[in-house]
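Commentary on secondary and tertiary structure
Each chain, written out:
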Number of protein chains: 2
Amino acid sequence: MLQSKIFTKTLRDSPKDETSKNAQYLIRGGFVDKLMAGVYSYLPLGLRVLKRIENIIREEINAAGGQEIFMPAIHPIENYTTTGREAIDVLFHTETQTGHRIVLGQSHEEVIVPLVKKFIESYRDLPLAVYQIQTKFRNELRPKSGIFRGREFLMKDLYSFHADEDDFDRYYKTIQQVYKKIFDRAGIGSATVRTFASGGTFSKYSLEFQTITDAGEDTIFLCERCSVAVNDEVKDDCKNTCPECKKPLSHEPKKSIEVGNIFPLKTRFSDAFNLSYKDPDGKQKPVIMGCYGIGVTRLMGAIAEVHSDEHGIIWPESVAPFLVHILPLSKAAIPEAKRVELSLAEKSIPVLLDDREDKSAGEKFSDADLIGIPWRVVISDNTIKKEGIEVKKRSEREAKIMSVEEFLDQFL
Amino acid sequence: MLQSKIFTKTLRDSPKDETSKNAQYLIRGGFVDKLMAGVYSYLPLGLRVLKRIENIIREEINAAGGQEIFMPAIHPIENYTTTGREAIDVLFHTETQTGHRIVLGQSHEEVIVPLVKKFIESYRDLPLAVYQIQTKFRNELRPKSGIFRGREFLMKDLYSFHADEDDFDRYYKTIQQVYKKIFDRAGIGSATVRTFASGGTFSKYSLEFQTITDAGEDTIFLCERCSVAVNDEVKDDCKNTCPECKKPLSHEPKKSIEVGNIFPLKTRFSDAFNLSYKDPDGKQKPVIMGCYGIGVTRLMGAIAEVHSDEHGIIWPESVAPFLVHILPLSKAAIPEAKRVELSLAEKSIPVLLDDREDKSAGEKFSDADLIGIPWRVVISDNTIKKEGIEVKKRSEREAKIMSVEEFLDQFL
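Rules and cut-offs
Along each chain, residue indices are assigned from 1 in the same order as the chain's sequence is written. Just so you know, chain letters begin at A and ligand numbers begin at 1, following the order they were written in. Two thresholds apply to this predicted model, a pLDDT of at least 70 for residue-level local features and 80 or more for giving and counting side-chain atom pairs, whereas whole-chain, interface and lining totals are computed over all residues. For helices the rule is a DSSP run of H or I covering at least 4 residues; for strands it is a run of E covering at least 2, with both sets numbered from the N terminus onward. Every radius of gyration here is taken over C-alpha atoms, with the globule rule written as 2.2 Å times N^0.38, N being the number of residues. Put plainly, a residue is buried at 20 or more neighbouring C-beta atoms within 10 Å of its own, exposed at 12 or fewer, and partly exposed in between, counting only other residues' C-beta atoms, which are placed from the backbone. Contact between residues is assigned whenever the C-beta positions, reconstructed from backbone atoms, fall within 7 Å. In this classification, Asp, Glu, Lys and Arg are treated as charged, Ala, Val, Leu, Ile, Met, Phe, Trp, Tyr, Cys and Pro as nonpolar, and every other residue, Gly included, as polar. Here the copies are matched by least squares. The fit uses the C-alpha atoms of residues with pLDDT of at least 70 in both. Two strands qualify as a pair provided DSSP detects at least 2 bridges between them. Comment: axis = line fitted to C-alpha atoms, over the contacting stretch for helices; angle = value between 0 and 180 degrees taken between N-to-C directions. Note that domain bounds follow an automatic or database assignment of domains. Reported orientations rely on four angle classes, namely roughly parallel under 35 degrees, roughly antiparallel over 145, roughly perpendicular from 65 to 115, and oblique for the rest. It is the rotation of the near helix from the far one that decides the hand of a crossing: anticlockwise by less than a right angle makes it left-handed, clockwise makes it right-handed.

So, about the overall build of chain A. Within chain A, the regular secondary structure consists of 11 helices and 23 strands. Computed over its C-alpha atoms, the radius of gyration of chain A comes to 24 Å, within 12% of the 22 Å expected for a compact globule of 412 residues. Each principal axis of the C-alpha atoms in chain A carries an extent, and together these give about 80 × 60 × 45 Å. Counting all 412 residues of chain A, 50% fall into the buried class.

Below, the discussion takes up the interface of chain A and chain B. Between chain A and chain B, the residue contacts involve 43 residues of the former and 43 residues of the latter. Going through the elements one at a time, β1 (32-36), β2 (39-42), α2 (44-63), β3 (67-68), β4 (74-76), β5 (93-95), α4 (109-117) and β7 (128-137) of chain A are the ones with two or more residues in the side of chain A that touches chain B. Taken together, the residues that form the side of chain A that touches chain B break down as 26 nonpolar, 11 polar and six charged.

Before going further, it helps to spend a moment on unusual backbone geometry. Residue and element names in this part refer to chain A. The amide bond that connects Leu-126 to the next residue, Pro-127, takes the cis arrangement and shows omega of -5°. Following the sequence through the fold, Pro-127 ends up in the loop between α4 and β7. Look at Asn-274: it is not a glycine, yet its phi comes out positive at around 55°. Following the sequence through the fold, Asn-274 ends up in the loop between α6 (268-273) and β14 (276-278).

Below, the discussion takes up the relation of the copies chain A and chain B. The operation relating chain A to chain B is a screw motion whose rotation component is 180°, with 0.0 Å of axial translation and a residual RMSD of 0.0 Å. Such a turn and shift between the copies fits a two-fold axis. Across chain A, the smallest distance between a C-alpha and the rotation axis is recorded for Thr94(A), namely 2.7 Å. Interface overlap between copies is the fraction of interface residues in one copy that are interface residues in the other; for chain A against chain B it reaches 100%, indicating a shared surface.

Turning next to the sheet that holds strand β20 (residues 351-353) of chain B. Residue and element names in this part refer to chain B. Strand order in the open sheet formed by five strands is β20-β19-β21-β22-β23, and the pairing between neighbours is mixed. Two strands in the sheet have a free side with no partner beyond their single neighbour: β20 and β23 (399-402). Sheet twist, expressed as the average angle between the axes of neighbouring strands with direction ignored, equals 25°. Sheet topology note: the strand β21 (residues 375-379)/strand β22 (residues 389-393) ladder contains four bridges and is antiparallel. Bridge assignment links Trp-375 to a residue of β22, and that residue is Lys-393. Against the sheet, helix α8 (residues 333-346) makes contact with β19 (324-328), β20, β21 and β22, and its axis sits at roughly 165° relative to β19, the strand it touches most.

To continue, consider the sheet that holds strand β23 (residues 399-402) of chain A. Residues and elements named next belong to chain A. Sheet architecture is open: five strands sit in the order β20-β19-β21-β22-β23, paired in mixed fashion. The open sheet is flanked by β20 (351-353) and β23, the only strands paired with a single partner. In this sheet, neighbouring strand axes are inclined to one another by 25° on average, regardless of whether the strands run parallel or antiparallel. Looking at chain direction, strand β22 (residues 389-393) and β23 are connected through four bridges and run antiparallel. In the strand pairing of β23, Ile-389 is matched with Met-402. Sheet strands in contact with helix α8 (residues 333-346) are β19 (324-328), β20, β21 (375-379) and β22, and its direction is about 165° off that of β19.

Residues and elements named next belong to chain A. What the domain assignment lists for chain A is domain 1 (3-309) and domain 2 (324-409). The gap between the C-alpha centroids of domain 1 and domain 2 is 38 Å. Facing seven residues of domain 1, the contacting portion of domain 2 comprises eight residues. A breakdown of the residues in the side of domain 1 that touches domain 2 according to their chemical character gives two nonpolar, four polar and one charged.

Before going further, it helps to examine the packing of helix α2 (residues 44-63) of chain B against helix α5 (residues 165-185) of chain B. Residues and elements named next belong to chain B. Two elements in contact, α2 and α5, have axes whose closest approach is 10 Å; the angle formed by their N-to-C orientations is 155°. Taken together, the axes of α2 and α5 lie roughly antiparallel to each other. Between α2 and α5 lies a crossing whose hand is right-handed. Across from Ile-56, Ile-57, Glu-60 and Ile-61 in α2, the residues of α5 making contact are Val-178, Lys-181, Ile-182 and Arg-185. Grouping the constituent residues of the contact of α2 with α5 by class yields five nonpolar, no polar and three charged.

All names here are of chain A. With five of five residues buried, β21 lies mostly within the body of the structure. Side chains Trp-375, Val-377 and Ile-379 of β21 all project onto a buried face; the interleaved residues Arg-376 and Val-378 project onto the opposite face, where all are buried too. Judged from the five bridges that link them, β19 and β21 form a sheet pairing that is parallel. Paired with Pro-328 across the strands is Ile-379, a residue of β21.

Now for the packing of α2(B) against helix α7 (residues 296-306) of chain B. All names here are of chain B. Contact geometry for α2 and α7: axes closest at 10 Å, N-to-C directions at 110°. Viewed along their axes, α2 and α7 adopt a mutual orientation that is roughly perpendicular. Our pair here, α2 against α7, has a crossing hand that is right-handed. Across from Val-49, Leu-50, Ile-53, Glu-54 and Ile-57 in α2, the residues of α7 making contact are Val-296, Thr-297, Leu-299 and Met-300. Grouping the constituent residues of the contact of α2 with α7 by class yields seven nonpolar, one polar and one charged.

Our next topic: the pairing of strand β16 (residues 288-295) of chain A. Residues and elements named next belong to chain A. The buried fraction of β16 amounts to eight of the eight residues, a majority that puts the element mostly inside the structure. With burial as the criterion, each face of β16 is covered, one bearing Ile-288, Gly-290, Tyr-292 and Ile-294 and the other bearing Met-289, Cys-291, Gly-293 and Gly-295. Note: strand β8 (residues 152-162) against β16, eight bridges, orientation antiparallel. What sits directly across from His-162, in β16, is Ile-288. Relative to β16, strand β13 (residues 254-266) is paired through six bridges, and the arrangement is antiparallel. Bridging from a neighbouring strand, Pro-264 pairs with Gly-290 of β16.

On to the environment of Tyr25(B). All names here are of chain B. Residue placement: Tyr-25 occurs in helix α1 (residues 21-28). For the pair Tyr-25 and Ala-186, spaced 161 residues apart in the sequence, the C-alpha separation amounts to 18 Å. What Tyr-25 contacts, discounting residues up to four positions off in sequence, is Ala-304, Ser-308, Gly-312, Ile-313 and Leu-370.

As structure tokens, this is what we get:
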């Protein structure tokens, strides 16, 4: 894609109303635009990242047997009076012209349970895992940290339905592995820890996936031995020991952001909607449920936060808007740049070509650092003389002159 | 995909609260589920159709230079007081915990104009076309006809920005061709006519794309000579003649549903937000705008309405959830069915395999007709004896016995 054709432009100055690094870089780089506090548009570059993150999640959840659906954002209030959640403070309320009270979905237990109830009859219909990637609304009192805590955000929410606790436990463990794989693929695996947190009313603990970053709003304590952590909110309940290996927790608090969570729901919502199944002996039994969220837009913010330096973002290859950023530094370099782009296109490698003629080399370099595409290829009168291209990884300092063929070999 | 694994089941009886064929078949077939009037969930089969329609639209709009973005659904009321549209009756209103009034987007002029204003400075930044495929909300007094008139629906909305009227006119004509191609590819080209309709306050006519179907809520009159129509609402203004070729309009009214529309917006919204650009002489001029909508979920309903018979839907190949539906009619037929599925998979042909063991042949046949996958392949003890498979197009009456190779040749 030609950079001159993308309608967004990079901004030199950081927006004054944003303090988090992710928001500053994502806005300055033209990935997102702020409409109001906690409400953002995703611009061409940002939408490309978002779709790549979505696809990683979709592939892994499909592989774990999840069936994708798409549920509405507006819900009748009756479903919330049924579950007793009509007074949650983060619900946005509105009503139809005929006076029917409705709320905006901040989660979808109230929709998915009556929906699957139409299709679950016997034990043969279980287990079942259904998910969506869909926009959620939360009437946050204080939206903050860019796309970390929004009033409107994209979420993957998966719901699982089981005949008994054992089957639920198996799936609950499976999804922990799936989540690990998703965060690994998205490039934040090593910064993300499985964290014990408050379980709410229906189980002792829930599990969160917390990405360690100073921009985070949570505080966690790592286990000194195993690979889990404990959220500050349940540290006392745990008596400062790891609930898994029973060793002491570190005394050093870490700031982190919750990118995913998994909740055992037991029969909390099945009971409310009378969701039951007939077991092999013909007895009606309540369905056991779990729910599993990943904040898709928040994940994008977490990646930008973890993978960045003082110049801008450093996208992991798996979610980068383009894989290669070609910077021709003179008019003579543009035809050569287009030839290199063609060679990359033949290998299906997505390229952004900075063909802007009104920008200096310095401006092109600093925009490339801000946007953060993993590979930068500079083509100048000098590289043409040397019959090569100058290749630099965004994450490294050194550039190398090499032939186009040598560069292509990197992507075998 | 194995049909036994899809969690939805076909329903024998039509829902009592739905009168339109599209809603009845889409609900009975397990494509959609109704949460409340005008609000539907898209289930695994329905979501597959929806994504195929989305992709046709995306490909054609990208080819016409559209840049895809994703804007929020909740908007600050101030943007509507700026354009004077804060009192539109179909706006859903709500507010933040801090008392900030917000509305749910029923269209996005109030968001896109301030957004592009940040990036449009000079004539060099024009023309520009930006679009999204995103959920819209309209507080309809009477949602009806299934997914035709919803309170929540998926829409493709494209906005174009031009330096002058001539450039706008060129793009306006381009998009008419693009829309024709989209509706052709989606299988409703021959049932869909370009229709002159009310232009609102800022131009004499707008153009609608109306699909002729008895379930439609609009009334149009076809030109007796050329390929356009006139909406009932402007028939008198047109003096019963075609605005394009000036020949008389047919006297016979046709029921139809509006699947797309294109509006000349002129400077209606540019003026409101003071969106201007610097021309080559350094003079500030207002930007000329157009907007172009396609109701994505409504299009799905229109296809189901147009392509159906008394037994169910007949999906066009371009949007079908699967291309081939394999029906093994005995236990012995299942391994053979899986072999055929594998041959099709090697050619990347998506297959639904009805492996349900508790269904009779008759039930499988009637479900296949209801779901409406274009090609039906029956494998029975009889076809195995004949060393072939029984192939029938959903749109035809006659089935043929042929070899798997002969069948595969259909997809070359």
